Amino acid sequence: MSDDAAAPAGPATPRRRGYAKGRARRDEIIRIATEHFAERGFQAATILDIAAACGISRAGLLHHFPDKEHLLEAVLEARDAEDRDRFNPYVEAAGAIGVFRGMVDLAEHNRLVPGLIELFVRLSAEASTPEHPAHEYFRERAERIRVGTARAVRGAVRAGHLRAGLEADSAALQLGALMDGLQSQWLFDRSIDLAGSVRDLLDDWMTPEGRRAFDAVEPVAHVA
């Protein structure tokens, strides 16, 4: 081992401090942009308003993101990254049945962060037009979730956790539509039990063995 490798890390250099500060500023911009897109939609939110809320100039914001489309892309990527971090431990721990436990727990988590629900509902509605910069993102996301859910359904059927004969593609479409529709309705009626409604559908599909396996999956602690 070289002396350099063995030596303890020295104090942060100006370059390292600058990088960390820039990363923190970028994350703050994404957080505030998420709030603005959720409250106003992509079209109505402006770079100037977001910059002002961040306490920086328009030019300062554009130093990190060249335009509003790139900022929107970063916001959506951040949400996807958080969902992956939340889901992966369920899949790794319990396989197909873990996917469904993860969906129920994700629904419960989203209830606690209404801004995420508002962001998804508003932007997905706006993005239904092909000209919207997030159109392809939402189209590909919906397809990716359907394919992944159908794969989990097939795996859970093979494991005896979901009833035999459950058609995977139809079930995936039904589950996705339920979760999206519940989020839209929840914005009007906060008493709706998002997680409970998803669990009710899964209970109809699960075998007794599947319910025991589902309940045995430990909730995953997550730090945003």
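Residues numbered from 1 in each chain as written. Predicted model: local features only at pLDDT ≥ 70, side-chain atom pairs only at ≥ 80, totals over all residues. Heavy atoms only, no water.

A. Geometry of the UniProt feature "DNA-binding region" (unreviewed entry) in the protein chain. Mapped onto this numbering, the UniProt entry annotates "DNA-binding region" (unreviewed entry) at residues 46–65. Secondary structure content for residues 46–65 is 75% helix and 0% strand, and the end C-alpha separation is 13 Å. (UniProt positions renumbered as here; feature names shortened; annotations may be inferred. Helix = DSSP H or I, 4+ residues; strand = E, 2+ residues; numbered from the N terminus.)

B. Broad picture of the side chain of His132. Position of His132 relative to the elements: it lies in the loop between helix 7 (114–126) and helix 8 (135–158). A distance of 3.0 Å separates a polar side-chain atom of His132 from the backbone nitrogen of Ala134. Discounting residues that sit within four places of it in the chain, His132 has contacts with Phe42, Gln43, Leu72, Glu126 and Ala127. (Polar contact = N/O pair within 3.5 Å; in protein donor to acceptor, adjacent residues only side chain to side chain. Contact = heavy atoms within 4.5 Å.)

C. Fine view of the pattern of salt bridges. Following the criterion strictly, the structure yields 16 salt bridges and no others. Taking the shortest distance from any N to any O, the salt bridge between Glu35 and Arg31 comes out at 2.8 Å. In this pair, Glu35 and Arg31 both sit in helix 2 (residues 14–44), four residues apart, roughly one turn of the helix. A salt bridge links Glu140 to Arg139; the shortest N-O distance between them is 3.9 Å. Here Glu140 falls in the partly exposed class, since its relative accessible area comes to 42%. Looking at Arg139, the relative accessible area reads 40%, which means it is partly exposed. Residues joined by salt bridges that share partners form a network here, namely Glu136, Arg139, Glu140 and Glu143. (Salt bridge = Lys/Arg side-chain N within 4 Å of Asp/Glu carboxyl O. Buried < 20%, exposed > 50% of the residue type's maximum accessible area, 1.4 Å probe, protein only.)

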